[in-house]
Amino acid sequence: MAVTSTKPYVGVPRDRVENFNGKQIVYVGWDQHMLFSTPFMIVVEPGMKLGDMLQNAVRPLMQPDPDAPAVDFGKVEWLKGKQPWTPNFEASLADNGIRHKQQLTFRTPGLNTLGAAGR
Amino acid sequence: MDMTVAKKKLGLKEKYKLLTRDLGWEPTYHNKDEVFPYVKYEGIKVHDWEKWEDPFRLTMDAYWKYQAEKERKFYAIIDAHAQNNGHLNITDARYLSALKIFLQAISPGEYCAGKGFARMGREFPGVGTQVACQMQAIDEIRHAQTQIHALSNYNKFYNGFHAFADARDRMWYCTLPRSFFDDAMSAGPFEFMIAIGFSFEYVLTNLLFVPFMSGAAYNGDMATVTFGFSAQSDEARHMTLGLECIKFMLEQDPDNLPIVQNWIDKWFWRGFRLLGVVGTMMDYMLPKRVMSWREAFEIYGIENGGALFKDLARYGIRPPKGWDDAGKALDHMTHQFMLALYQYQFGTAFHSWIPSEEDMAWLSKKYPTTFDKYYRPRWEHIKKLKEAGTPYANMGLAKLCQTCQIPTVFTEPDDPTTLCHREVEYKGETYHFCSDGCQHIFEKEPEKYIQGWLPLAAIFQAPLNGDLGAWMEWVSLADGKDNGDFAGSEDQRNFEAWRNQATSNQ
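Think of each chain on its own: its residues are numbered from 1, step by step along the sequence as written. Written order decides the labels, with chains lettered from A and ligands numbered from 1. Confidence filtering applies because this is a predicted model: local features only for residues at pLDDT of at least 70, side-chain atom pairs given and counted only at 80 or more, and all residues used for totals across whole chains, interfaces and linings. Each side-chain value is derived from all of the structure's non-hydrogen atoms; neither hydrogens nor water enter the calculation.

**Remarks on the overall build of chain B**
And then number 1: Tallying secondary structure elements over chain B gives 20 helices and 4 strands in all.
And then number 2: Here the C-alpha radius of gyration of chain B, 24 Å, is about what a compact globule of 506 residues would show, namely 23 Å.
And then number 3: Seen through its principal axes, chain B has C-alpha atoms that stretch 95 × 65 × 45 Å.
And then number 4: Within chain B, contacts between residues at least 6 apart in sequence are counted, and of these 78% link residues at least 24 apart.
And then number 5: On chain B, roughly 20600 Å² of surface is accessible, and the fraction owed to carbon and sulfur atoms is 55%.
And then number 6: Computed over 55 positive and 66 negative side-chain charges, the inter-centroid distance for chain B is 4 Å. A run of H or I in DSSP becomes a helix once it reaches four residues, and a run of E becomes a strand once it reaches two; helices and strands are each numbered from the N terminus. Note on method: radius of gyration uses C-alpha positions; expected globular size equals 2.2 Å times residues raised to 0.38. Contacts are residue-level and defined by heavy atoms, with any inter-residue pair within 4.5 Å sufficient. Shrake-Rupley sampling with a 1.4 Å probe provides the accessible areas, and residues are treated as covered by the protein chains on show and by no other component. When charges are tallied, Lys and Arg are placed among the positive residues and Asp and Glu among the negative ones, while His and the ends of the chain are skipped. Just so you know, the charge point we use is NZ for Lys, CZ for Arg, CG for Asp and CD for Glu.

What follows is the structure in structure tokens.
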């Protein structure tokens, strides 16, 4: 039973992509970099090049972490959802198969200044 | 002539019977299912409503008398507090943040509980149940009202109190308690009783009231202490009603057990998430602290809750599913919460701050295995950023949990260096969660939770369409006054100036 109800009931999701004026949500997380409380919520057009989104929307948000300047997006390990993934920075989000509300996570093994005490 | 003398006084039991029996008539031209249409769909089987006893047997006339007496005392103290500038007796203006969160996030919950119990007073068929729910409905509205009145005095002097109702409806951190109560109010009557009557009132209320009211006393806030006392005497009645309800369900039919257990699992976890805010106030926002969140949870959660679940074991009830995960989170959650509040402080109608050296020393003492190892380095770095003139703000906005609706700030139960990442695909859409507990709740009733109004996603939809200035106006947040760092705030300056005036000749 998908909901306890007195009669058949179908819910309407509030966050469908068509409610975002032609944009979509992408979550981008930096593994082990806990200065940032959650993955960043980025709202952009699906036609935007992945590389542009990372440079223009994500990189500025990473600045407060001392490791930020050392990150080369081309050399980090990527996850799409929970699966290892190879991004194409020149292709659009849509062509990279990045769906609405999808989470991308990048890992920078060996690079973790603020987390060093925690390991 | 012989006169029949009326019996002078009715006994309590007799009076209760006379004053309530008319609610229990047998309908003749409708069947009972039509009169009480919501009492069966949750699957709870009841064979004999007479078995539900209201142990207090309080009648309306007695109820009015008690409550009126409490109100008289309460308002006398509130008046004295206002006339004597009681707001200047608090330890420090940082304490006000705890009050602002209470007013924006918790008091409206009292009002919701009032609405919910008013409905339950109508939906339950048993007379004892109806009367008890109606009185609790009035109690809850009284609590909301006395809290708002007590705190209105602070609104004359400080920022962040002026728009608590807008905050409750629209603020991103307020959707945590809001979604808790919306979830309960849109559930059936029995689930509502487990959510509010049992989980909230019985298992968790001590964690909310005792540390918070002691916190108020420790920090010189007579107004809050007074509403605490005024409310507390009702709580015994509420707790009894919640416990009575759960025992009634379990005694009526063995088929009720799995349904009740499922609700206990769900509402324990929702309540635990909600209390994370209270824990954060205790650990970080009280200038003079009573005990740590961990210590409070050990006493009121683990000891008292443990004893309760032992008692319920004879019905086949086991401790809630999230119990172990809750235990693992105790040393981390308030630090994770406060770091989040600090980095998003441009969007909060209260102030947050970097803990002082003294605060951090206290935190390391109270959280010896985690604070220095995981959280102090982050605060030290944030302090460095501030000193360098580039104060830390996370403008990336947060990923929210579809169930509890708070930012997904919590880590894996067994790995405090990795954020918990849980996602579920349902009818082609992706949904994210902060924990296994919240994911399980979603998976049991996805059609309910896909409708969740996530406040940060809402900023990018009509009518705000991504305009942060319009958002501030819409949530009634006065930029530069209500939000931001406590250090340098108008509240800090005013409090210091007024207190100096009151205590010196300057």
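**Some words on the sheet that holds strand β1 (residues 24–30) of chain A**
Residues and elements named next belong to chain A.
And then number 1: A pair of strands is treated as paired once DSSP finds two or more bridges between them. Taken together, 5 strands build an open sheet; the order of strands is β2-β1-β5-β3-β4 and the sheet is mixed. Sheet topology places β2 (40–44) and β4 (83–85) at the edges, where each strand pairs with a single neighbour. Direction aside, the axes of adjacent strands within the sheet are offset by 30 degrees on average.
And then number 2: Angular values range over 0 to 180 degrees, each being the angle between N-to-C directions of two axes fitted as lines to C-alpha atoms, with helices fitted over their stretch in contact. Sheet contacts for helix α1 (residues 50–62): β1, β2, β3 (77–80), β4 and β5 (102–107); angle to β2, the most-contacted strand, approximately 140 degrees.

**Looking at helix α7 (residues 175–185) of chain B**
And then number 1: Remark: exposure states derive from per-residue accessible area (1.4 Å probe, protein chains only) relative to the maximum for the residue type, with buried under 20%, exposed over 50%, and partly exposed in between. The element α7(B) is extensively covered by neighbouring structure, given that 9 of its 11 residues are classed as buried.
And then number 2: Elements that come into contact with the buried residues of α7(B) comprise α4 (95–123), α8 (189–218), α10 (256–285), α13 (333–343), α17 (446–449) and α18 (455–459) of chain B.

**A look at helix α11 (residues 293–312) of chain B**
And then number 1: Throughout, the bend at a residue refers to the angle made by two axes, fitted to the seven residues ending there and to the seven starting there. A maximum bend of about 25 degrees is found in α11(B) at G305(B).
And then number 2: Of all the residues in α11(B), the buried ones are W293(B), A296(B), F297(B), Y300(B), G301(B), G305(B), L308(B), F309(B) and L312(B).

**Remarks on the nonpolar core**
And then number 1: Among the nonpolar cores identified, the biggest contains 182 residues, and M53(A), M171(B), F198(B), M285(B), W293(B) and W379(B) are the most heavily contacted of them.
And then number 2: At 16 residues, α8(B) tops the list of elements feeding residues into this core.
And then number 3: Leaving out residues up to four positions away in the same chain, F198(B) has contacts with M193(B), V203(B), G242(B), L243(B), I246(B), I264(B), L308(B), F309(B) and L312(B).
And then number 4: Put simply, a nonpolar core is a bunch of buried Ala, Val, Leu, Ile, Met, Phe, Trp, Tyr and Cys residues held in one set by side-chain atoms that sit within 4.5 Å of each other. Core analysis: the second largest hydrophobic core is formed by 6 residues, Y16(B), L58(B), Y63(B) and V131(B) among them.

**Notes on the interface of chain A and chain B**
And then number 1: Contacts between the two partners involve 43 residues from chain A and, on the opposite side, 57 residues from chain B.
And then number 2: We define buried area as the total accessible area lost by two parts upon association, computed with a 1.4 Å probe and summed across both. Carbon and sulfur atoms make up 55% of the surface buried where chain A meets chain B, a total of about 4200 Å² over both sides.
And then number 3: The term salt bridge refers to a pairing of a side-chain nitrogen on Lys or Arg with a carboxyl oxygen on Asp or Glu at a separation within 4 Å. Remark: the boundary between chain A and chain B carries 1 salt bridge.
And then number 4: The definition of a polar contact used here is a pair of N or O atoms within 3.5 Å, where within protein one atom must be able to donate a hydrogen and the other to accept one, and adjacent residues in sequence count solely through side-chain atom pairs. Here chain A is connected to chain B by 24 residue pairs in polar contact (both at pLDDT 80 or more).
And then number 5: At the level of elements, β1 and β2 of chain A are the ones that each hand at least two residues to the side of chain A that touches chain B.
And then number 6: With 3 residues, the top contributor of residues to the side of chain A that touches chain B is β2(A).
And then number 7: Each residue is assigned to one class: nonpolar for Ala, Val, Leu, Ile, Met, Phe, Trp, Tyr, Cys and Pro, charged for Asp, Glu, Lys and Arg, and polar for all the others, Gly among them. Of the residues belonging to the side of chain A that touches chain B, the class tally is 22 nonpolar, 13 polar and 8 charged.

**Description of the pattern of salt bridges**
Residues and elements named next belong to chain B.
And then number 1: A full pass over the atoms with the stated rule returns 43 salt bridges over all chains.
And then number 2: Where K70 meets D234, a salt bridge forms, and the shortest distance between an N and an O atom there is 2.7 Å. Of this pair, K70 sits in helix α3 (residues 60–83) while D234 sits in helix α9 (residues 222–252); the two residues are 164 residues apart in sequence, bridging distant segments of the chain.
And then number 3: The buried category is assigned to D234, whose relative accessible area is 1%.
And then number 4: With a closest N to O distance of 3.7 Å, D311 and K247 form a salt bridge. Taken together, the positions of D311 in helix α11 and K247 in helix α9 put the pair 64 residues apart, joining distant regions of the chain.
And then number 5: One network of salt bridges, in which partners are shared, links K70, E71, D139, R142, D234 and R237.

**Quick word on the pairing of strand β2 (residues 415–419) of chain B**
Residue and element names in this part refer to chain B.
And then number 1: Along β2, 4 of the 5 residues are buried, which leaves the element largely enclosed by surrounding structure.
And then number 2: Note that strand β1 (residues 411–412) and β2 share 2 bridges and pair antiparallel. Of the residues in β2, the one forming a bridge with T411 is L419.
And then number 3: A loop of 2 residues connects β1 with β2, the two strands running antiparallel in sequence.

Function-wise, these values are silent; they only describe arrangement.
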